[in-house]
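Residues per chain, in single letters:
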Amino acid sequence: MTTTQYIGEWLLPGRIGNLMIIIAVVAALFAAFYFWLSARKERNIGLKYSRAAHWIYGLHLLALASAGAILYYLIFNHRFEYQYVWKYSSLELQVRYIIACFWAGQEGSFWVWAFWQGLVGLFVMIMLRRWRPSIMAIVSIAQFFLSSMLLGIQLFGLRIGSSPFVLLRQVPENLRDGFFNNPNYLKEITDGLGLNPLLENPWMVTHPPVLFLGYALFLIPFAFALTGLWKKDYAGWIKPALPWVGSALITLGTGILLGGRWAYESLTFGGFWAWDPVENASLVPWLLMLAALHFMLLSLKRAQHYRISFILVFLAFLFVLYATFLTRSGVLAETSVHSFSADQRYQQIVVFIALFLIIPFIGLIRNWKSIPSQESKELLSRDFFLFAGSIILVLSAFQIIFATSIPVFNAVLGTNLAPPNDPVTYYNKWQLPFALMMLAFIGFTQFLTYGRNNPRAFLKMLIFPILVSVAISGLYAYTYSSRLELVLLVGVGAFAVLASLDFMLRHVKKSQNFPASTTHIGFGIFVAAIVLSFAHERIISHDALTGADNVKLLRGKPIPLSEYHVVYSNREKVVNETFFTIDFLKLKPDSTLWHEFSLRPSINRHPQMGQVSNPATRHSMFRDIYTYISHAQESDASDAEGYSLLQRTPLKLGDTMVALRSFIIFDSLVVDMPHENYQQVSIHARLLIKSMMIAPRHVWIRYHVKDDAEGYEDAIVEDLNAKLRFEGVTDKPKTIELGIYNKAEEYIILRAIIFPNIRLLWLGSFIMLFGFIYSMVRRIRQLKGNGTHKQPPSPTANPNG
């Protein structure tokens, strides 16, 4: 049996890449084992195992980085013999998109997650001492699972992972393709498929890697909590874990906000959040970790709620894994535009989830009675409102994930539940009460201390912020809308902001709680901005005649749109993307139009993957004007004048045909052939056009041949936006071939929306993130300043201090 010798393939990089992945997987498993031994053995023996574990983990990270570098090398060199490179890259992609196509597929995105998580583990090794062996054992076993997603090997009949270095001819569906029998098949592959047009966007460069870094950071609080159970140190893990909790919340929150910005700037969602199932799956772990943070603070300050702190930290990371399952199993393929297609690797993810569910579950069961369970006995206390607010966060998260998981329930249980038809309305309705309660609890908490409080003093402090909030909500109702739910959201959001500001002013000399108040202010502004912007968006492209929310723009013809006159003035094609210039004009007092600004929405037409509309937005201080093209006439003119052939038909002298909503009568034929020279013939045909649209008229068309070269003299009928051409003679006597051409007016279908006060939303987001960063930096400084971790108050201490 002969083996085909393929020409031009670069096999060595792929072989080295596969070897690096195998080394990374094996090294991660051995690192986990040695870190585990280091945590169990006595100090001297444990140190030896620890040093070995450090070197092995370093080898794992180096091998993983090398595999990524090789894949980048193959992508940048357009080595289309590799399936991953061919599937996601293209010669026409810009450099930034070539970088982004690294994580466009499942293999690349798993590598990014594993690499970030590996770097986070490296920081843990450098920064921690007391908790290092146990935490690193957990990190290493997680690295083993993530790295194994890239293996692509067959083991005991099971397929383990999928390699990014598999050759195109080795893909199972290509094995019987005769195309690959050609040893020089690479000469026939001139380009790759390239990115999905939806991903060919600048935000694709930032959003996914930040999101995966957030996922990686969620592992560390999980590892701290599991180590706390392992060592039966139910309180000592909390303080060193808090900076990692803050880092995880900041990073995943930033990734989610970048995704929202992507949706708002570059997708046709018409907003920054569409309650897409994959969006929801990323939001749920963030909400659970935020609730965990509040319970951990209660555990640290008041020696309360240790059990819930453990549970929520575990659940936050488990739901990161569950989000990965939802995205990659294909179960959301019919309900989400973000989901990957189905892949057998989801079975590995299920094993990953099961292991990281069973181990903490067993730890909780074994230690449940030993974990302190003291609860707050004072309802009018910061303890209680922090507890209640955190429970609201948990309920909010579980409502979201329950509805998002309907396709999973149907697949597993055989049910036929229907996902929400209108996700935005459905989730907004359910989440409204949670948002109101969270904002109210934020406000109340600012006027309370831990332990017992004076009810009269509490009520007295509430009077001013409540009165101002009522005034603000009343002004909103008078100015914008009297819808009760919107009025309540604005009022309660204002109350949360005012209460937090009041707290900061009352405790201006005590800055330790400023980060929390800053975050709460940002959240209040964020919620109020959602109401002020997206609840009052205004579609200005409304067509009064058809009732549609799109408007037809003929090129060069202005139409009124809100306070503007809008003109479609130009189109420009760049590779697969066509940009349309939309000029916004304003009317001067002298009735002339002056140009205020232009927008350039585009349509990206991919040869294999269809087309995607890319919006363009005009940003200003108090509003945004958001536009996108829902349809554009294809530029398919057959000649330089813009005429396209409608029909070509034989027409006999004396015949009548119907075209262009007119009768066309062939009434005269003149043949001019000087000296009976068949090499030089000129034939003239006279046509009579009768139409209800124009007066009857005669037109002449001419066909001539000179030295075997054909020529035409067309008749332009401007009133009908058409031209007629004598295409040639037929084999029938006195019969000509008549061509009828039409110049269609070029047009686009535009959708335009005004979002008022949208900058408030981004301001609220920025303030929230700043508060988290402020808190994280302060806690890191506290840990460094203390040198050792102080224990929280004893569970049996007086709750009132």
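Quick notes on the rules
Residues numbered from 1 in each chain as written. Predicted model: local features only at pLDDT ≥ 70, side-chain atom pairs only at ≥ 80, totals over all residues. Heavy atoms only, no water. Helix = DSSP H or I, 4+ residues; strand = E, 2+ residues; numbered from the N terminus. Contact = heavy atoms within 4.5 Å. Areas by Shrake-Rupley, 256 points an atom, 1.4 Å probe, with all protein chains shown as cover. Lys, Arg positive; Asp, Glu negative; His and termini not counted. Charge placed at Lys NZ, Arg CZ, Asp CG, Glu CD. Core = buried A, V, L, I, M, F, W, Y, C linked by side-chain atoms within 4.5 Å. Buried < 20%, exposed > 50% of the residue type's maximum accessible area, 1.4 Å probe, protein only. pLDDT = per-residue confidence, 0-100. Phe/Tyr/Trp six-rings, centres within 6.5 Å; stacked < 30°, edge-to-face > 60°. Lys NZ or Arg CZ within 6 Å of the ring centre and 35° of its normal. Pairing = 2+ DSSP bridges. Axes fitted to C-alpha atoms, helices over the stretch in contact; angles between N-to-C directions. Salt bridge = Lys/Arg side-chain N within 4 Å of Asp/Glu carboxyl O. Expected span 1.5 Å × (residues − 1). Patch = residues over 30% accessible without salt bridge, like charges linked within 9 Å, V, L, I, M, F, W, Y side chains within 5 Å.

Side note on the overall build of the chain
Working step 1: Counting its secondary structure elements, the chain contains 18 helices and 22 strands.
Working step 2: Each principal axis of the C-alpha atoms in the chain carries an extent, and together these give about 120 × 85 × 45 Å.
Working step 3: Relative to all contacts within the chain whose residues are 6 or more apart in sequence, the contacts with residues 24 or more apart total 69%.
Working step 4: Taken as a whole, the chain presents about 38,300 Å² of accessible surface, with 61% of it coming from carbon and sulfur.
Working step 5: If the 69 positive side-chain charges of the chain are averaged to one point and the 52 negative ones to another, these points end up 21 Å apart.

Examining the nonpolar core
Working step 1: In terms of nonpolar packing, the biggest core is built from 181 residues, with Trp-113, Phe-224, Trp-237, Trp-286, Phe-310 and Phe-356 touching the most fellow members.
Working step 2: Discounting chain neighbours no more than four positions away, the residues touching Trp-286 are Phe-218, Leu-249, Leu-252, Gly-253, Ile-256 and Phe-772.
Working step 3: Core analysis: the next-biggest nonpolar cluster, separate from the first, contains 25 residues, Ala-685, Ile-689, Ile-694 and Ile-701 among them.

Describing the confidence of the model for the chain
Note that predicted coordinates carrying low pLDDT should not be read in detail.
Working step 1: Summarising the model, the chain shows a mean pLDDT of 86, and 92% of its residues fall at 70 or more.
Working step 2: Taken as a whole, residues 787-801 scores under 50 in pLDDT and shows 32 contacts with residues more than four places along the chain or in a different chain.

Some details on the packing of aromatic side chains
Working step 1: Applying the stated rule across the entire model yields 58 aromatic pairs.
Working step 2: On the numbers, 5.1 Å between centres and 65° between planes, the contact of Phe-180 with Tyr-185 is edge-to-face.
Working step 3: Judged by relative accessible area, Phe-180 falls into the buried class, the value being 7%.
Working step 4: Residue classification places Tyr-185 among the buried residues on the basis of a relative accessible area of 0%.
Working step 5: Sitting over the ring of Trp-230, Lys-231 keeps its end group 5.9 Å from the ring centre.
Working step 6: Directly above the ring of Tyr-741 sits Arg-725, whose terminal nitrogen or CZ lies 5.1 Å from the centroid.

A look at the sheet that holds strand β13 (residues 644-652)
Working step 1: Taking strand neighbours across the sheet as the criterion, the four strands line up as β13-β21-β20-β19 in an open arrangement whose pairing is antiparallel. Among the strands making up the open sheet, the edge pair consists of β13 and β19 (715-717). Recorded for the sheet is a direction-independent mean angle of 25° between the axes of neighbouring strands.
Working step 2: Inspection of the sheet shows β13 paired to strand β21 (residues 735-742) by eight bridges, in the antiparallel sense. Along β21, the bridge assignment pairs Arg-648 with Gly-739.

Notes on the side chain of Thr-445
Working step 1: Here Thr-445 is to be found in helix α14 (residues 423-445).
Working step 2: The exposure class of Thr-445 is buried, given its relative accessible area of 7%.
Working step 3: Setting aside its immediate chain neighbours within four residues, Thr-445 contacts Arg-382, Phe-385 and Leu-386.

Details of the pairing of strand β22 (residues 747-756)
Working step 1: Counting buried residues along β22, nine of its 10 residues qualify, which places the element largely inside the surrounding structure.
Working step 2: Of the strand pairs in this sheet, strand β3 (residues 538-539) and β22 are connected by two bridges, and their pairing is antiparallel. Counted as the bridge partner of Ile-539 is Ile-753 from β22.
Working step 3: Taken together, the four bridges between strand β4 (residues 551-554) and β22 define a ladder with antiparallel strand orientation. Residue pairing across strands places Lys-552 opposite Ile-749, the latter belonging to β22.
Working step 4: The pairing of strand β12 (residues 623-632) with β22 spans nine bridges and is classified as antiparallel. Looking across to β22, one finds that His-631 is bridged to Ile-749.

Some thoughts on the pattern of salt bridges
Working step 1: Counting across every chain of the model gives 15 salt bridges.
Working step 2: Linking Glu-563 and Arg-623 is a salt bridge whose minimum nitrogen-to-oxygen distance equals 2.5 Å. With Glu-563 in the loop between β5 (559-561) and β6 (564-574) and Arg-623 in strand β12, this pair connects stretches of sequence that are 60 residues apart.
Working step 3: For Glu-563, a relative accessible area of 34% translates into the label partly exposed.
Working step 4: Salt-bridge contacts for Glu-713 lead to Arg-702; the nearest nitrogen and oxygen are separated by 2.4 Å.

Brief notes about helix α10 (residues 306-328)
Working step 1: Look at α10: 34 Å from first C-alpha to last across 23 residues, which is about the 33 Å you get at 1.5 Å a residue.
Working step 2: The buried fraction of α10 amounts to 19 of the 23 residues, a majority that puts the element mostly inside the structure.

Thoughts on the pairing of β21
Working step 1: Buried residues dominate β21, accounting for six of its eight residues.
Working step 2: Looking at chain direction, strand β20 (residues 722-729) and β21 are connected through seven bridges and run antiparallel. Pairing of Leu-724 across the sheet is with Ile-740, part of β21.
Working step 3: If you look at the hairpin formed by β20 and β21, you'll find five residues sitting between the two strands, and Lys-734 has a positive phi there, around 55°.

Points about a nonpolar patch on the surface
Working step 1: A cluster of nonpolar side chains, namely Leu-357, Ile-358, Phe-361, Ile-362 and Ile-365, defines an oily patch on the protein surface of about 490 Å² accessible area.
Working step 2: Residue position: Phe-361 is located in helix α11 (residues 346-367).

Thoughts on the sheet that holds strand β15 (residues 662-672)
Working step 1: Overall, antiparallel pairing links the five strands, which are arranged β14-β15-β16-β17-β18 in an open sheet. Each edge of the open sheet carries a strand with a single partner, namely β14 (656-659) and β18 (709-713). Averaged over neighbouring strand pairs, the angle between their axes works out to 25° when direction is ignored.
Working step 2: Pairing geometry for strand β17 (residues 697-706) and β18, over five bridges, is antiparallel. Its bridge partner lying in β18, Lys-706 is registered against Ala-709.

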